[in-house]
Amino acid sequence: MQVNQEKKSEWANLEDNLGKEPAPQYLSVCDVWKDSVHKVVTKLEYQTPIYLQAYTQIHTEFLHCVDNLFGTCYLWQKQYFDRLGLDKGIVNAYGQLYNSWVDQYMQGLDAYANYKKVQADMAVDAMKVGNEMLHSWMDMFGRIVSSWNSWVGRTNV
């Protein structure tokens, strides 16, 4: 029994292979590592907007919850505290004290943000210095090997 095998045209073969990337050909283990690290870092970089959007959604919902909580608090205060006859001056003094605490906390947040920026700048600078050192070491190593090769070449003649 013979099976009828239809031969595909070149266009059909092209369509089958369209969108398929050929497997990478690596020259060294370093290429494998470099390729892998690039894939992971690029993926993380592309996902950053997703993280930021999720963070923003969480904060938006948190603020909505806070508004609901303190809206209820306002109604409760109107119902109970206003009956006690608290002086508005006391509430205003408390508001000023609380605002000073909030201002101090905001200054702490600014200081922390500046610290994280300085930390990131230092990390980038350290990587740049490390990269420069690596290049100079590789250059020095290349000179030593070249010198050694020329010396070995003279002694074997």
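Since the model is a prediction, treat every value here as computed from it, not as a measurement.

A.B. asks: Describe the overall build of the protein, naming the residues involved and giving the relevant values.
C.D. replies: If you tally the helices and strands in the protein, you get three helices and zero strands. Here the protein holds 157 residues, and the buried ones make up 0% of them. Here the protein has roughly 15,400 Å² of accessible surface; of this, 63% comes from carbon and sulfur atoms.

A.B. asks: Let's hear about the packing of aromatic side chains: which residues, and what values?
C.D. replies: Across all of its chains, the model carries three aromatic pairs by this definition. Consider the rings of Tyr94 and Tyr98, whose centres lie 5.7 Å apart with planes at 35 degrees: the pair is tilted. Separated by four residues within a single helix, Tyr94 and Tyr98 lie in helix 3 (residues 88-155), roughly one turn from each other. Between Tyr98 and Trp101, the ring centres sit 5.7 Å apart and the planes meet at 65 degrees, which makes this aromatic pair edge-to-face. Within this pair, Tyr98 and its partner Trp101 are both found in helix 3, separated by three residues, close to a single helical turn. In textbook terms, an aromatic cluster arises when at least three aromatic residues are bridged by ring pairs, as seen for Tyr94, Tyr98 and Trp101.

A.B. asks: Could you give an account of a nonpolar patch on the surface, with specific residues and numbers?
C.D. replies: A cluster of nonpolar side chains, contributed by Tyr94, Leu97, Tyr98, Trp101, Val102, Tyr105, Met106 and Leu109, occupies part of the molecular surface with about 840 Å² of accessible area. Turning to its location among the elements, Leu97 is positioned in helix 3.

A.B. asks: Hey, could you go over the pattern of salt bridges for me, with residue numbers and the actual values?
C.D. replies: Per the counting criterion, the structure on display carries three salt bridges. Taking the shortest distance from any N to any O, the salt bridge between Asp121 and Lys117 comes out at 2.8 Å. Residue Asp121 and its partner Lys117 are located together in helix 3, separated by four residues, close to a single helical turn. We classify Lys117 as exposed; its relative accessible area is 51%.

A.B. asks: Tell me about helix 2 (residues 29-84), and name the residues and values.
C.D. replies: In an α-helix, one full turn covers 3.6 residues, which means residues spaced three or four apart are oriented alike. Between its terminal C-alpha atoms helix 2 stretches 78 Å, which fits the 82 Å expected from 56 residues at 1.5 Å a residue. The largest bend along helix 2 reaches roughly 40 degrees and is located at Lys78. At the N-terminal boundary of helix 2, the capping side chain belongs to Ser28, with an oxygen 3.2 Å from the backbone nitrogen of Cys30. Note on helix 2: the residue one or two positions beyond its end, Gly85, has a positive phi of about 75 degrees.

A.B. asks: Give a description of the confidence of the model for the protein that names residues and reports values.
C.D. replies: In the predicted model, the protein carries a mean pLDDT of 85, and 84% of its residues have values of at least 70. Within the protein, the lowest mean pLDDT, 61, falls on helix 1 (residues 10-17), and the highest, 92, falls on helix 3.

Here is what the cut-offs are and how they apply
- Residues numbered from 1 in each chain as written.
- Predicted model: local features only at pLDDT ≥ 70, side-chain atom pairs only at ≥ 80, totals over all residues.
- Heavy atoms only, no water.
- Helix = DSSP H or I, 4+ residues; strand = E, 2+ residues; numbered from the N terminus.
- Buried < 20%, exposed > 50% of the residue type's maximum accessible area, 1.4 Å probe, protein only.
- Areas by Shrake-Rupley, 256 points an atom, 1.4 Å probe, with all protein chains shown as cover.
- Phe/Tyr/Trp six-rings, centres within 6.5 Å; stacked < 30°, edge-to-face > 60°.
- Patch = residues over 30% accessible without salt bridge, like charges linked within 9 Å, V, L, I, M, F, W, Y side chains within 5 Å.
- Salt bridge = Lys/Arg side-chain N within 4 Å of Asp/Glu carboxyl O.
- Expected span 1.5 Å × (residues − 1).
- Bend = angle between axes of the 7 residues up to and from the residue.
- Polar contact = N/O pair within 3.5 Å; in protein donor to acceptor, adjacent residues only side chain to side chain.
- pLDDT = per-residue confidence, 0-100.

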